Amino acid sequence: QVQLVESGGGLVQPGGSLRLSCAASGRTLRRYNWGWFRQTPGKEREFVAAIASVFGLTSYTDSVKGRFTISRDNAKNTVVLQMNSLKVEDTAVYYCAADPNTDSLGRSPARYDYWGQGTQVTVSS
């Protein structure tokens, strides 16, 4: 059974940075695409960023471009979301997920088979 565990969330002031990590266990996921999503109360889960299984191709939602960076370490079965210049509107529960469909980078949560439990990110002064 595959398990994804996020870490690195917390409280940060506007303009600050956080580094989220997602570690996978139970199966090698180097052939999966990875994604980060976020969700606030009463809203649907929103795509944030994704990275392909090969060549390091990435995709970002417009609101985080230039501020967030997604990366992966296949040897360690981990994916990282570096978040800089954080804004109040980035406040959410952040989830990592793995997608077995490597033909393209998916933005829909339905594409992803495995999910972490989520980590809270709060941006507030």
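Attention here is on the structure that accompanies the text. It should be emphasised that the depicted structure is a prediction, and the values quoted were computed from it without experimental measurement.

Okay, the packing of aromatic side chains next. Working definition: an aromatic ring pair is given by the centre-to-centre distance plus the angle between the planes. Summed over all chains, the structure comprises 6 aromatic pairs. Ring centres 5.8 Å apart and planes at 75° place the aromatic pair Phe 37 and Phe 47 in the edge-to-face group. Taken together, the positions of Phe 37 in strand 4 (residues 33-39) and Phe 47 in strand 5 (residues 46-51) put the pair 10 residues apart, joining distant regions of the chain. In this pair, the class of Phe 37 matches that of Phe 47, namely buried. Plain terms: the ring middles of Phe 37 and Tyr 112 are 5.1 Å apart, the flat faces sit at 80° to each other, and that makes the pair edge-to-face. Taken together, the residues Phe 37 in strand 4 and Tyr 112 in the loop between strand 9 (92-99) and strand 10 (114-115) connect sequence positions 75 residues apart. Residue Phe 37 is classed as buried on the basis of its relative accessible area of 0%. With relative accessibility at 4%, the residue Tyr 112 sits in the buried group.

We now examine the sheet that holds strand 7 (residues 68-73). One open sheet accounts for 4 strands, arranged 1-3-8-7; its pairing is antiparallel. Across the chains shown, the open sheet's two edge strands, defined by having one partner strand only, are strand 1 (3-7) and strand 7. Geometrically, the sheet is characterised by an average inter-axis angle of 15° between neighbouring strands, direction not taken into account. Where strand 3 (residues 18-25) meets strand 8 (residues 78-83), 6 bridges bridge the pair, whose relative direction is antiparallel. For Arg 19, the partnering residue across the bridge sits in strand 8 and is Gln 82.

What counts and how
- Residues numbered from 1 in each chain as written.
- Predicted model: local features only at pLDDT ≥ 70, side-chain atom pairs only at ≥ 80, totals over all residues.
- Heavy atoms only, no water.
- Phe/Tyr/Trp six-rings, centres within 6.5 Å; stacked < 30°, edge-to-face > 60°.
- Helix = DSSP H or I, 4+ residues; strand = E, 2+ residues; numbered from the N terminus.
- Buried < 20%, exposed > 50% of the residue type's maximum accessible area, 1.4 Å probe, protein only.
- Pairing = 2+ DSSP bridges.
- Axes fitted to C-alpha atoms, helices over the stretch in contact; angles between N-to-C directions.

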